[in-house]
Structure formats: C-alpha cells, structure tokens
Amino acid sequence: MAFRESRSSIEEDTEYERDRSLTYGSLTEDIEEELRGPKYIKTVRLSSEELASLELEEGSNVLTFSVTTSYQGTTKCFCSVYLWDYTDKIIISDIDGTITRSDVFGHILPWVGKDWTQNNIAQLFSALHSNGYKFLYLSSRAIGQASMTKNFLKSIKQNGVGIPEGPMLLSPDSLLRAFKVELVLKRPDIFKIKCLSDIKGLFGEDSSPFYAGFGNKGTDSKSYQAVGIPPHRIYRINHRGEIYTENSIVQHCTYAEIYEHNEVYFPVVRPETELVEEEYLAQNFWRSDIPDVDEEDLIL
C-alpha cells in the first residue's frame with residue numbers, strides 16, 4: 001500500500017509539472033508574440049502622419065491626456081496645440097517686465113489680486129492681432145508655473161479688452177533651476193534661442209515667421225536677433241513704460257503711442273497679399289538719409 005501510494009503521488013507530480021510546462025510555454029509564446037509587434041519610443045515630437053491623424057483645426061486645439069488607475073481613478077491633463085499657416089507672421093512677447101511692469105513683482109502681485117500689467121498692453125496686442133499677426137508668449141519661468149501663468153494671461157483685462165490667445169512656451173527646468181538661470185546666471189537667452197529656433201524650423205529653411213519681438217532685457221533682444229528679427233522691430237520696454245527699438249536708444253515711445261499708429265508700425269496682413277517691403281513703408285520711404293559729412297568739416 002505504501003508503494004502504491006508513493007507511485008500515485010509521483011504520477012500526480014509529473015502531470016502537474018507537465019501542465020505547468022505547457023502553461024508556461026503558452027505564456028512565453030504570448031510574450032514573444034507581443035514583443036514581435038510594433039515597438040514605441042518616448043518622444044515629444046510627432047511625425048507628419050501622427051499630426052495628420054489628430055485632424056487639427058486652424059487655430060487652437062485642446063488635447064487631453066488621461067491616466068486611469070484602480071486606486072486613484074482617472075486624472076486628466078490638458079494642453080493646446082496651435083495649427084498655423086506657414087505664411088503667418090508671428091509677434092513674440094516676453095511676460096515678466098514686458099507684459100508686467102517688473103520681473104519680481106510680476107510674479108508676486110498677481111497672486112494677491114494686484115494688477116501689475118503695463119498700461120495699454122491689451123489694447124495694443126489686440127489691435128496687432130486684428131491686423132493679422134499671431135502671438136507667441138515666451139518666458140523663462142519654470143514649467144511648473146504653467147497653470148498659474150496661463151491663468152494670469154487670461155485674466156488680463158484693460159477697458160474690457162484682453163490680450164490675444166497664443167502658445168505659451170516656458171522653460172522645462174524646475175522652479176529653482178529656472179530662478180537660478182534667470183536671476184543668478186542671467187542667461188535665459190540659452191533656452192529662448194533654442195526654443196525659438198525649433199519653432200522657426202517648423203516653417204521651412206528659408207522662412208522668417210517672426211515679424212517682431214517685445215522684451216525688457218538685453219537677453220530678449222539677443223534671442224530675437226538670433227532667429228532673424230531685425231533690430232528696428234525689437235521693442236524693449238523699461239520700468240517707466242518707455243519703449244526703445246534695438247537700433248535707437250535715444251528716441252522712445254509708449255504702448256499707447258504704438259497703439260495709436262499701429263498700422264504704421266505693423267501693416268495689416270491680408271491672406272491674399274504679402275507684407276509691404278521694408279523700404280516702402282511710410283516711416284522708411286519718406287525718411288531722408290543722413291548726409292555724408294567730412295570729418296574736417298566738423299572741426300571748428
């Protein structure tokens with residue numbers, strides 16, 4: 001009896017191992033079949049085919065990313081994707097010190113409900129948008145401040161007028177790293193030049209989509225010139241609200257004055273026509289050239 005029980009036990013163990021082997025083999029085949037399928041890599045750049053599959057509409061498009069877990073449910077994150085024509089002309093604007101009156105207070109005061117925006121900024125930007133220009137907002141703020149910054153831009157109202165909607169591009173660094181780059185190293189132009197160069201590359205090799213730029217620091221001017229914006233269309237504003245172009249540090253104006261003559265500074269862009277060449281703009285065509293003067297004539 002003991003021998004027969006032992007034999008039966010051995011047979012059961014053998015059958016169990018055979019079933020286990022078959023099951024394991026089946027799982028292995030399933031895994032191998034899955035591995036032979038399409039493979040994906042992480043990327044933040046979509047191919048032309050992937051972009052086409054999104055069926056984007058002209059202007060702003062809202063995309064939703066969602067993650068579902070059994071413990072926390074579904075969490076969603078939203079972003080905007082902008083579809084523009086390759087012939088569109090873009091105006092770049094810095095945020096802190098350009099839309100706001102200063103860098104530091106521009107961060108802090110909106111948190112407590114204090115309006116610290118430049119006078120007439122909304123009216124000017126709205127008028128330029130009506131003239132046919134697209135707006136891109138570029139800042140060295142950290143990506144963690146995206147939600148707060150976006151809400152701030154949406155909240156700007158001056159006489160019932162807000163600033164135009166447009167892409168908002170922030171530094172991918174952490175908050176502390178972004179502060180260090182901006183305030184300690186004073187090199188926000190490193191990120192801005194790389195970011196704007198990537199955007200420019202989307203429009204083709206010989207294109208120049210950036211028409212003008214607004215900023216408040218030399219690093220802003222450096223960034224804008226690096227992507228082909230001419231100095232006379234780079235506007236720098238100081239803490240007093242005075243605006244200078246990069247090629248003229250003597251004459252200055254204000255947002256209100258540019259708004260009053262906005263079609264002179266920023267000619268209307270129509271889909272069926274091209275922009276007037278620089279030399280034929282009113283402020284350039286009727287301007288007298290500076291005469292050549294011999295140095296000896298200047299000696300009294």
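Residues numbered from 1 in each chain as written. Predicted model: local features only at pLDDT ≥ 70, side-chain atom pairs only at ≥ 80, totals over all residues. Heavy atoms only, no water.

## Some words on the packing of aromatic side chains
A ring pair, where both rings are aromatic, is described by two values, the distance of the centres and the angle of the planes. What counts here: Each Phe, Tyr or Trp ring, with Trp reduced to its six-membered ring, pairs with another whose centre is within 6.5 Å; inter-plane angles below 30 degrees give stacked pairs, above 60 give edge-to-face pairs, and intermediate values give tilted ones. Put simply, DSSP H or I for four residues or longer makes a helix, DSSP E for two residues or longer makes a strand, and each gets a number counted from the N terminus. For every residue, the accessible area (1.4 Å probe, protein chains only) is compared with the maximum for its type, and the residue is labelled buried under 20%, exposed over 50%, or partly exposed between those bounds. For a ring to carry a charge above it, either NZ of a lysine or CZ of an arginine must fall within 6 Å of the ring centroid while also lying within 35 degrees of the normal to the ring plane.
For the coordinates displayed, the defined rule picks out twelve aromatic pairs. Residues Phe-214 and Tyr-235 carry aromatic rings whose centres are separated by 5.1 Å and whose planes lie at 20 degrees to one another, so their mutual orientation is stacked. One end of the pair, Phe-214, is in strand β6 (residues 210-215); the other, Tyr-235, is in strand β7 (residues 234-237), and 21 residues separate them in sequence. A relative accessible area of 1% means that Phe-214 is categorised as buried. An aromatic cluster of three or more residues is present, and its members are Phe-125, Tyr-133, Phe-135, Tyr-137, Tyr-211, Phe-214, Tyr-235, Tyr-255 and Phe-266. The ring of Tyr-211 carries Arg-233 above its face, with NZ or CZ at 4.0 Å from the centroid.

## Thoughts on the packing of helix α7 (residues 189-201) against helix α8 (residues 218-226)
Quick note on the threshold: Throughout, an axis means a line fitted to C-alpha atoms (over the contacting stretch in the case of helices), and angles, computed between N-to-C directions, take values from 0 to 180 degrees. Each angle gets one of four labels, with under 35 degrees taken as roughly parallel, over 145 as roughly antiparallel, 65 to 115 as roughly perpendicular, and the rest as oblique. Two helices cross in a left-handed way if the nearer one is turned anticlockwise from the farther one by less than a right angle. They cross in a right-handed way if the turn is clockwise. The contact definition used throughout considers only heavy atoms, calling two residues in contact when any of these lie within 4.5 Å. Only Asp, Glu, Lys and Arg are considered charged in this grouping, and only Ala, Val, Leu, Ile, Met, Phe, Trp, Tyr, Cys and Pro are considered nonpolar; every other residue, Gly among them, is considered polar.
Taken N-terminus to C-terminus, the directions of α7 and α8 make an angle of 25 degrees; their axes are 9 Å apart at the nearest point. Classed by the angle they form, the pair α7 and α8 counts as roughly parallel. α8 is crossed by α7, and the crossing has right-handed handedness. Between α7 and α8, the residues in contact are Asp-189, Lys-192, Ile-193 and Leu-196 and Thr-219, Asp-220, Lys-222, Ser-223, Tyr-224 and Ala-226, respectively. When its residues are assigned to classes, the contact of α7 with α8 shows four nonpolar, two polar and four charged.

## What to know about the environment of Lys-76
Mapped onto the elements of the fold, Lys-76 is located in strand β2 (residues 73-83). Distance from Lys-76 to Phe-65, taken between C-alpha atoms, is 5.6 Å for residues eleven residues apart in sequence. With sequence-adjacent residues up to four places away left out, Lys-76 is seen in contact with Thr-64, Phe-65 and Ser-66.

## What about the pairing of β7?
Stated formally: At least two bridges found by DSSP between two strands are what make those strands a pair.
Summarising the sheet, β6 and β7 pair through three bridges and their orientation is parallel. Each bridged residue has a counterpart across the sheet, and for Gly-213 the counterpart in β7 is Ile-234. In this sheet, strand β8 (residues 243-245) lies alongside β7 in antiparallel orientation, the contact comprising three bridges. Looking across to β8, one finds that Ile-237 is bridged to Ile-243. Here β7 folds back onto β8, and the loop between the two strands holds five residues, one of which, Gly-241, carries a positive phi near 85 degrees.

## A few points about the nonpolar core
What counts, and what does not: By nonpolar core we mean a set of buried residues, namely Ala, Val, Leu, Ile, Met, Phe, Trp, Tyr and Cys, connected to one another through side-chain atoms within 4.5 Å.
Grouped together as the largest cluster of nonpolar side chains are 27 residues, with contacts concentrated most on Ile-99, Phe-125, Tyr-137, Leu-153, Ile-163, Phe-214 and Phe-266. Elements represented by at least two residues in this core include exactly α4 (121-130), β4 (134-142), α5 (146-155), β5 (168-171), β6, β7 and α9 (255-260). Residue contributions to this core peak at five residues, all from α4. Residues within four places of Phe-214 in sequence aside, it is in contact with Ile-91, Ile-92, Ser-93, Asp-94, Thr-98, Leu-124, Phe-125, Leu-128, Tyr-224, Tyr-235, Tyr-255 and Phe-266.

## Focus on the layout of surface pockets
Put simply, the rule is: Note on definitions: the grid is 1 Å and covers protein atoms alone; a cavity is a set of points where a 1.4 Å probe fits but cannot get out; a pocket is an open set with protein on both sides within 12 Å along at least five of seven lines; lining residues have an atom within 4 Å of a point. Grid points are joined across faces, edges and corners, and a volume is the space filled by probe spheres set on the points.
Counted as a void, the largest pocket has a volume near 2,200 Å³. If you trace the largest pocket, you find 46 residues lining it, with Ser-80, Val-81, Tyr-82, Leu-169 and Ile-199 closest to the centre. Of all the secondary-structure elements, those providing two or more residues to the lining of the largest pocket are β1 (59-69), β2, β4, α5, β5 and α7. The element that contributes the greatest number of residues to the lining of the largest pocket is β2, accounting for seven residues. A breakdown of the residues in the lining of the largest pocket according to their chemical character gives 33 nonpolar, six polar and seven charged.

## Description of the environment of Gly-162
For Gly-162, the position within the fold is in the loop between α5 and β5. Considering only alpha carbons, one finds Gly-162 and Ile-121, 41 residues apart in sequence, at a separation of 8.9 Å. In this view, Gly-162 contacts Ala-122, Ser-126, Ile-156 and Lys-157; residues no more than four positions away in its chain are not counted.

## Points about unusual backbone geometry
Of note, Glu-55 is a non-glycine position whose phi angle comes to about 55 degrees, a positive value. Its place among the elements puts Glu-55 in the loop between α2 (48-53) and β1. Positive phi is not limited to glycine here, since Asn-120 has a value of about 65 degrees. With respect to the element layout, Asn-120 can be found in the loop between α3 (103-108) and α4. On the basis of relative accessibility, which here comes to 30%, the residue Asn-120 falls in the partly exposed class.

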